[in-house]
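If you want the building blocks of each chain, they are given just below.
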Amino acid sequence: MTKTLVMGASGFLGSHIARELVAQGRDVRLFMRTSSDSRATDDLDVERSYGDVTDKASMLAAMTACDTVFYCIVDTRAWLRDSTPLFRTNVDGLVNAMDAALQTGIKRFVFTSSFVTVGLSDSGVSDESIEFNWWDDAPAYMHSRVIAENTLLEYCRERGLPGIACCVGNTYGSGDYAPTPHGQLVLDAAAGKMPFYWNGGGPTVGIRDAARAMILAEAKGRIGERYLICERWLSYQQLFTLAAKAAGKKPPFLKLPRPLL
């Protein structure tokens, strides 16, 4: 049986993909940094490989004898004033990984993209066919995600990378140890620390559903295409209220205007 590599396995989605693969009886290898918090996968009986997206040799070693790569490495620190680290990880790191995948003959490269790469439509409903179309208004984090996805699709077209992009919504569920930025909002609401909300929200999906969808993309997805992995839109008011009620706390009651935030 060939191995399946999960890169970014210490992260929220990566760890759940690893769990689903192990549950299916797959031979799994995990790739993470030596400094990563590995609590989410410490109990799994899997092979472990250590390195970094800036270290091509470590990625070549990790991909050796593997057929599929689930690439779940992303820098989500959208609040950084200096966006250099975002592009170094989200774009340059991906390029290093794709080069390694081509060199080692990977047969499926399943990339964790984001719903933010999908364009806006006049109807208010978007799908995978709508290209990103609000560049001037988007922050650097979104720029890095769009460039990364476009680079992946270019590698598929021009260099033969067997890549598939999964545009994942905001994921929620157990095992968010870090936590993710959106997971922290849920934790704050569940702890009764979120008395206010604001306009906005996002496409959401349960973390186990997202992991299973990524694995389905490996088997059913078409090379060079992207797929939205979302369940429904939740406003911040709905999200914080759900979390607060689940923990027996008072839901948010004060709506703040964005300029005040």
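Above this text is the structure in question.
A short tour of the structure in this document, coming up. (Residues numbered from 1 in each chain as written. Predicted model: local features only at pLDDT ≥ 70, side-chain atom pairs only at ≥ 80, totals over all residues. Heavy atoms only, no water.)

### Focus on the overall build of the protein chain
Moving on, step 1. Counting its secondary structure elements, the protein chain contains 7 helices and 12 strands.
Moving on, step 2. A globule of 261 residues ought to have a C-alpha radius of gyration of about 18 Å, and the protein chain, at 19 Å, matches this closely.
Moving on, step 3. Principal axes of the C-alpha set define a box for the protein chain whose edges measure 55 × 40 × 35 Å.
Moving on, step 4. Counting only residues that meet the buried cut, the protein chain has 47% of its 261 residues in that class.
Moving on, step 5. Across the protein chain, every contact between residues at least 6 apart in sequence was considered, and the portion connecting residues at least 24 apart equals 73%.
Moving on, step 6. Working note: accessible area of the protein chain is about 13100 Å², and carbon and sulfur atoms make up 51% of it.
Moving on, step 7. With 28 positive and 29 negative side-chain charges, the protein chain shows a spacing of 6 Å between the two charge centroids. (Helix = DSSP H or I, 4+ residues; strand = E, 2+ residues; numbered from the N terminus. Rg over C-alpha atoms; globule rule 2.2 N^0.38 Å. Buried < 20%, exposed > 50% of the residue type's maximum accessible area, 1.4 Å probe, protein only. Contact = heavy atoms within 4.5 Å. Areas by Shrake-Rupley, 256 points an atom, 1.4 Å probe, with all protein chains shown as cover. Lys, Arg positive; Asp, Glu negative; His and termini not counted. Charge placed at Lys NZ, Arg CZ, Asp CG, Glu CD.)

### Some words on the sheet that holds strand β7 (residues 170-172)
Moving on, step 1. In spatial order, the strands read β7-β9-β11; together these 3 strands make up an open sheet with mixed pairing. Each edge of the open sheet carries a strand with a single partner, namely β7 and β11 (232-235). Sheet twist, expressed as the average angle between the axes of neighbouring strands with direction ignored, equals 50°.
Moving on, step 2. Judged from the 3 bridges that link them, β7 and strand β9 (residues 201-206) form a sheet pairing that is parallel. Across the sheet, residue Thr-171 finds its bridge partner in β9, namely Val-205. (Pairing = 2+ DSSP bridges. Axes fitted to C-alpha atoms, helices over the stretch in contact; angles between N-to-C directions.)

### Comments concerning the packing of aromatic side chains
Moving on, step 1. Overall, the coordinates contain 8 aromatic pairs when judged by the stated rule.
Moving on, step 2. With a centroid separation of 6.1 Å and an interplanar angle of 40°, the aromatic rings of Phe-196 and Trp-198 are classed as tilted.
Moving on, step 3. Put simply, the rings of Phe-196, Trp-198, Tyr-236 and Phe-240 pair up and form one aromatic cluster.
Moving on, step 4. In this arrangement the basic side chain of Lys-250 is found over the ring face of Phe-253, its NZ or CZ atom lying 4.9 Å from the centre. (Phe/Tyr/Trp six-rings, centres within 6.5 Å; stacked < 30°, edge-to-face > 60°. Lys NZ or Arg CZ within 6 Å of the ring centre and 35° of its normal.)

### Focus: the pattern of salt bridges
Moving on, step 1. By the definition in use, this model includes 12 salt bridges.
Moving on, step 2. Residues Glu-218 and Arg-26 are paired through a salt bridge, measuring 2.8 Å at the closest nitrogen-oxygen approach. Placement of the pair is Glu-218 in helix α6 (residues 207-220) and Arg-26 in the loop between α1 (12-23) and β2 (27-32), with a sequence separation of 192 residues.
Moving on, step 3. Across the pair Arg-39 and Asp-37 runs a salt bridge, and its minimum N-O distance is 2.7 Å.
Moving on, step 4. The partly exposed category is assigned to Arg-39, whose relative accessible area is 44%.
Moving on, step 5. Shared partners join several salt bridges into a network, and the residues in it are Lys-3, Asp-27, Arg-29 and Glu-47. (Salt bridge = Lys/Arg side-chain N within 4 Å of Asp/Glu carboxyl O.)

### Some remarks on empty space enclosed by the protein
Moving on, step 1. If you walk through the whole model with that rule in mind, you get 1 cavity of 30 Å³ or more.
Moving on, step 2. When its volume is computed, the largest cavity comes out at roughly 40 Å³.
Moving on, step 3. Lining of the largest cavity is provided by Asn-170, Tyr-172, Gly-201, Gly-202, Thr-204, Leu-234, Tyr-236 and Leu-239.
Moving on, step 4. Elements that contribute at least two residues to the lining of the largest cavity include exactly β7, β9 and α7 (236-246).
Moving on, step 5. No other element matches β9, which puts 3 residues into the lining of the largest cavity. (1 Å grid on protein atoms, 1.4 Å probe; cavity = no way out; pocket = protein on both sides within 12 Å on 5 of 7 lines; lining within 4 Å. Points joined across faces, edges and corners; volume = space filled by probe spheres on them.)

### Describing the pairing of strand β4 (residues 66-71)
Regular strands have side chains that alternate between both faces of the sheet.
Moving on, step 1. Counting buried positions along β4 gives 5 out of 6 residues, so the element sits mostly inside the fold.
Moving on, step 2. With 4 bridges joining them, β4 and strand β5 (residues 108-114) adopt parallel strand pairing. Opposite Phe-70, over in β5, you have Val-110 as the bridge partner.
Moving on, step 3. Traced from β4 through helix α3 (residues 84-104) to β5, the parallel crossover comes out right-handed. (Right-handed = clockwise from strand over helix to strand, strands pointing away.)

### A word on the packing of α3 against helix α4 (residues 140-159)
Moving on, step 1. Put simply, α3 and α4 touch, their axes get as near as 8 Å, and they point 15° apart. Between α3 and α4, the crossing angle belongs to the class labelled roughly parallel. The way α3 lies across α4 gives a crossing that is right-handed. From α3, Leu-86, Phe-87, Asn-90, Val-91, Leu-94, Val-95, Met-98, Asp-99 and Leu-102 reach across to α4, where they touch Ala-140, Tyr-141, His-143, Ser-144, Arg-145, Ile-147, Ala-148, Thr-151, Leu-152, Tyr-155 and Arg-159.
Moving on, step 2. Of the residues contributing to the contact of α3 with α4, the split by class is 13 nonpolar, 4 polar and 3 charged. (Parallel < 35°, antiparallel > 145°, perpendicular 65-115°, else oblique. Left-handed = near helix turned anticlockwise from the far one by under 90°. Nonpolar A, V, L, I, M, F, W, Y, C, P; charged D, E, K, R; others polar.)

### Overview of the packing of α1 against α6
Moving on, step 1. Across the interface, α1 lies against α6 with an axial gap of 9 Å and an inter-helix angle of 65°. By the angle between their directions, the pair α1 and α6 is classed as roughly perpendicular. Every pair of crossing elements has a handedness; the one defined by α1 and α6 is right-handed. For the pair α1 and α6, the contacting residues are Phe-12, Leu-13, His-16, Ile-17, Glu-20 and Leu-21 in the first and Ile-207, Arg-208, Ala-210, Ala-211, Arg-212, Met-214 and Ile-215 in the second.
Moving on, step 2. Residues of the contact of α1 with α6, tallied by class, amount to 9 nonpolar, 1 polar and 3 charged.

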